[in-house]
Amino acid sequence: MVRIQSGAPTLYIEYMLYLYAYNILSILLLPFILLHFIFRVCKKKVDLTRLGEKLGIAKIQRPDGELIWLHAASVGETFVALRLMEELSQDGKYFLLTTCTTTSAEIVAKQKLPHLIHQYAPCDFSFCINKFLNYWQPSIGIFIESEIWPNRINLTSQRFKIALLNARMSDRSFARWKLCKGFMSFCLSKFSIILAQSKEDRVRFELLGAKNAIYAGNIKYSITPPKVNSKDLETIKDQIGNRSVLLAASSHEGDEEFILNCYEKLKKDKLNLLLIIAPRHPIRAEQILNLIKSKGFTCSRRTQKNPVTLNTDVYLADTIGELSLFYSLANVSFIGGSLKNGGHNILEASFFKTFIIFGPDMSNFKEIASEYLQNNAAAVFRDETEATNIIKSALNNSQLIELQNEAASTILKQKSQILSIYIQHLNTIYNVS
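Note that this is a predicted model, so its numbers are computed, not measured. (Residues numbered from 1 in each chain as written. Predicted model: local features only at pLDDT ≥ 70, side-chain atom pairs only at ≥ 80, totals over all residues. Heavy atoms only, no water.)

A. Up close: the packing of helix α11 (residues 255–268) against helix α12 (residues 285–294). Put simply, α11 and α12 touch, their axes get as near as 10 Å, and they point 25° apart. Taken together, the axis directions place α11 and α12 in an arrangement best described as roughly parallel. The handedness of the crossing between α11 and α12 comes out as right-handed. Across from E256, E257 and L260 in α11, the residues of α12 making contact are I288, L291 and I292. Across the contact of α11 with α12, the residue classes break down as four nonpolar, no polar and two charged. (Axes fitted to C-alpha atoms, helices over the stretch in contact; angles between N-to-C directions. Helix = DSSP H or I, 4+ residues; strand = E, 2+ residues; numbered from the N terminus. Parallel < 35°, antiparallel > 145°, perpendicular 65-115°, else oblique. Left-handed = near helix turned anticlockwise from the far one by under 90°. Contact = heavy atoms within 4.5 Å. Nonpolar A, V, L, I, M, F, W, Y, C, P; charged D, E, K, R; others polar.)

See the structure below:
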């Protein structure tokens, strides 16, 4: 490491050396990156017709006027970005929303926000970023949660102000970035403001060298769930009849087998129960369907327009953007990913009269999970037996569900001002409203 003197010059040299090494490594890995893209295209995780967007090549004409750029990597961040756009003034302003996944793109495609343009985010190569910026010429860059890409940060900050919103630093990312703290410190210095979603996240950003990190709360408290199609809701309700519903929401591999085992035990207790599985990635539908059949259960599949009948054990909700519909049907909702993948956002479930349970790993939502447990607004289990018992207790006692719903509603009301706090902070660096 080159050292000339303490302070900013040394930090700058360290940063440039890391950036140089990062770019050299990226070039060396380019063949493997291309193979990875081909693999994702084959798996239908990348839209081949829009692959050029990842190189910074646009097919859509840039509109005249001011353009606000928001970047959201995946589904959760996309809903945050969409909620922000709803709140921001749209007079004369266009919004450019970039995402990384096809799932996020499909969610954006269903929106009816005026002046909204969607593109896939360009890869973190200098030529891709510059091509993207030269074409779109945004006025400000708003990045959501944990998007720390060195070239994107370096090149965009040279042209306009950038902000990191709902900023999150996971245990794994924190441990990794501590190994090159000087590099991370300089990256973070490029942001005009960093609004952290938890106090622990703010402390971690500060320990990594951020000078402008502020605890603002989790903006996901302000996200309103997508509207439920009332016709679809009534149709499925009629098909379900008087059966109770257990939902596995945003399930990952391993979650389905776990909840199917719980369901098998509940069925033996003569509970009149339907299991709905809504996978995080519907592309896994065939794999899940085979698992369901291997357990000896009958299954209706939503994409095949199969109705729920009295003989249906499991309803496979292999669609995108309909989670609110299934929360509306569920008596009990198991939050997927909470066995070993860090969990998913439990806030959307809070808007519905469903009993929320999750497993031992909610590391992606530590603060929210802790607050919900402290206020009896959710229940946690350690293993299959405990999960089964909690589900059984809730299904046999509607008062438990009502009490939990009331506690969750209270939390949501207490956090209702978080979005306005974010807008106020954004206005200190740029007039967004």
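Alright, that's what it looks like, and here's the rest.
B. Representation of the nonpolar core. One finds L70, L84, L165, I276 and Y372 to be the most contacted residues of the largest nonpolar core, which totals 71 residues. Per element, the largest residue contribution to this core is six residues, and it comes from helix α3 (residues 75–87). Here this core spans two domains, since at least three of its residues come from each of domain 1 (46–221 + 417–431) and domain 2 (230–415). Excluding its chain neighbours within four sequence positions, the residues that come into contact with I276 are V245, L246, L247, A248, Y315, A317, F326 and L329. Within the second largest apolar cluster, 33 residues are counted, among which are L19, F143, I162 and A210. (Core = buried A, V, L, I, M, F, W, Y, C linked by side-chain atoms within 4.5 Å. Buried < 20%, exposed > 50% of the residue type's maximum accessible area, 1.4 Å probe, protein only. Domains from an automatic or database assignment.)

C. Layout of the domain arrangement of the chain. Assigned domains within the chain: domain 1 (46–221 + 417–431) and domain 2 (230–415). If you average the C-alpha positions of domain 1 and of domain 2, the two centres end up 31 Å apart. Listed per partner, the contact involves 20 residues of domain 1 and 15 residues of domain 2. By the criterion of area lost to domain 2, the three top residues of domain 1 are T103, K220 and Y221, representing 42% of everything that side buries. Linking domain 1 with domain 2 are two salt bridges, by the criterion used here. Residue D171 is joined to K366 by a salt bridge in which the shortest nitrogen-to-oxygen separation is 3.0 Å. Scanning the region where domain 1 abuts domain 2 turns up six residue pairs in polar contact (both at pLDDT 80 or more). Mapped by element, the contributors of at least two residues to the side of domain 1 that touches domain 2 are α3, α4 (102–109) and α9 (199–207). Looking at side-chain class alone, the side of domain 1 that touches domain 2 contains five nonpolar, seven polar and eight charged residues. (Buried area = accessible area lost by both parts, 1.4 Å probe. Salt bridge = Lys/Arg side-chain N within 4 Å of Asp/Glu carboxyl O. Polar contact = N/O pair within 3.5 Å; in protein donor to acceptor, adjacent residues only side chain to side chain.)

D. Fine view of the pairing of strand β6 (residues 193–196). Alternating residues of β6 divide into I193 and L195 and I194 and A196, and every residue in both groups is buried. Two elements, strand β5 (residues 162–167) and β6, share three bridges in a ladder whose sense is parallel. Bridge pairing in β6 places A167 opposite A196. Note: β6 against strand β7 (residues 213–215), three bridges, orientation parallel. Bridge pairing links L195 to I214 in β7. Read from β6 through α9 to β7, the crossover connection turns out right-handed. (Pairing = 2+ DSSP bridges. Right-handed = clockwise from strand over helix to strand, strands pointing away.)

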